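Here are the chains, one letter per residue:
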Amino acid sequence: MKQIIKFFLIFIPAITFAQDLKYSEKELQQKLDSIKTEANLLFSHENASWHASDLANTNPKLRENMGSYLTYQSKDIIKTVFLNKDQSKIIAEYDFKNDQKSPVKESFTQRELDSTESTLKNIHSVVIPQLSDPKYEVALPQGYSLNLILIPFKENYKIYLISGTSQSGIIPFGNDYLFVSDNKGKIISNQKIHSRLVPAQATMGDGSIATMVTHSHLKTNPFISVTDICTFKLYAPLTKLEEFSIYSPALGTYMKYNYKKDSIEIVKKP
């Protein structure tokens with residue numbers, strides 16, 4: 001029988017913290033709500049990209065002709081569209097709603113890119129070459145990929161890079177980045193969210209199964225991150241995990257996220 005491993009944490013009210021930073025209960029809740037909202041937006045985009053790509057790759061005719069893809073929000077729908085190899089036409093579209101695995105609509109009628117799609121394609125083409133600049137220190141560890149999520153942000157764009165893996169039983173936390181570009185795609189700010197890749201093992205070599213995993217943040221990154229939550233929501237359903245936590249040295253506390261409840265709790269070190 002496989003052994004179940006669990007780390008127990010103690011729940012405490014969120015009011016103030018006695019270390020480097022202090023927040024009122026209201027301020028902390030507002031911050032966590034904002035993080036969760038952004039994380040869910042990222043997840044909705046990457047969830048659509050994942051499932052649309054899986055569907056597209058099962059279609060031999062489409063797979064033969066498709067080039068890159070774009071994922072974006074249109075009202076309450078997240079769309080993933082595939083371009084042909086010369087990037088001039090849309091050849092497939094998958095529409096997702098409420099983070100479902102199956103699209104509510106599919107279309108394989110070749111068409112022109114609309115204005116939103118043309119803008120996103122242009123931003124991609126300008127941003128991607130910039131990411132290879134050594135000053136950004138974008139790394140690609142062996143066995144992992146980097147997935148780009150592009151989201152409009154006021155008059156600019158946020159570009160998240162999150163790690164991905166096909167390795168079974170791994171949650172690829174870390175090696176994630178946030179860039180902001182202007183409306184032409186020129187990068188105007190950048191942040192390395194974690195200092196390195198911190199993959200969590202959901203299944204151990206001896207066959208035991210983890211039901212809780214945790215990692216620590218630097219003091220410069222005191223909160224559970226948007227990318228932490230997005231990554232966990234993507235990979236946790238492939239494991240037995242329902243929650244994870246991060247330890248914040250700046251706040252002297254843990255923050256625990258449960259993907260089934262979509263909740264963040266403040267917990268202290270046992």
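One structure accompanies this document, and this report is about it. All chains use their own residue numbering, which begins from 1 and follows the written sequence. Under the rules for a predicted model, residues below a pLDDT of 70 receive no local features and side-chain atom pairs below 80 are neither given nor counted, while totals for whole chains, interfaces and linings still include all residues. Hydrogen atoms and water are omitted, and side-chain values are computed over all heavy atoms in the structure.

### A look at the environment of Lys31
In plain terms, the rule: Counting from the N terminus, the helices are the DSSP runs of H or I reaching at least four residues and the strands are the DSSP runs of E reaching at least two.
Within the element layout of this structure, Lys31 appears in helix 1 (residues 25-57). Spatially, the C-alpha atoms of Lys31 and Val213 are 23 Å apart, while their sequence positions differ by 182 residues.

### Here's the deal with helix 4 (residues 226-235)
Note the following rule: For each residue, the accessible area found with a 1.4 Å probe, counting protein chains only, is set against the maximum for its type, and the residue is called buried under 20%, exposed over 50%, and partly exposed in between.
The buried fraction of helix 4 amounts to 10 of the 10 residues, a majority that puts the element mostly inside the structure. Every buried residue of helix 4 is accounted for by Val226, Thr227, Asp228, Ile229, Cys230, Thr231, Phe232, Lys233, Leu234 and Tyr235.

### Regarding the sheet that holds strand 7 (residues 145-153)
In plain terms, the rule: Pairing between strands is defined by DSSP: at least two bridges between the two strands are required. Axis geometry follows a simple rule: fit a line to the C-alpha atoms, using only the stretch in contact for helices, then measure angles between N-to-C directions, giving values from 0 to 180 degrees.
Strand order in this open sheet of 4 strands is 7-8-10-11, and the pairing throughout is antiparallel. The sheet is open, and its two edges are formed by strand 7 and strand 11 (187-192), each paired on a single side. Between one strand axis and the next, the sheet turns by 20° as a mean value, whatever way the strands run. Here strand 10 (residues 177-181) runs beside strand 11; their pairing, made up of 5 bridges, is antiparallel.

### Some words on the side chain of Thr253
For the record, the criterion: Here a polar contact is recorded for every N or O atom pair within 3.5 Å, except that within protein the pair must consist of a potential hydrogen donor and a potential acceptor, and residues adjacent in sequence are included only if both atoms are side-chain atoms.
With respect to the element layout, Thr253 can be found in strand 16 (residues 253-258). The class for Thr253 is buried, based on a relative accessible area of 1%. Of note is the side chain of Thr253, whose polar atom sits 2.4 Å from the backbone oxygen of Val267.

### Regarding the sheet that holds strand 4 (residues 77-84)
What counts, and what does not: Contact criterion: two residues are considered in contact whenever any of their non-hydrogen atoms come within 4.5 Å of each other.
The antiparallel open sheet is built from 4 strands, whose spatial order is 3-4-5-6. Of all the strands in the sheet, the pair left with one neighbour each is strand 3 (66-74) and strand 6 (105-107). Here the strands of the sheet are splayed against their neighbours by 10° on average, with no regard to which way each runs. Running over the sheet, helix 1 touches strand 3, strand 4, strand 5 (90-96) and strand 6 and is turned about 145° from strand 3. Its contacts with the sheet put helix 3 (residues 115-130) on strand 3, strand 4 and strand 5, and the angle it makes with strand 3 is roughly 120°.

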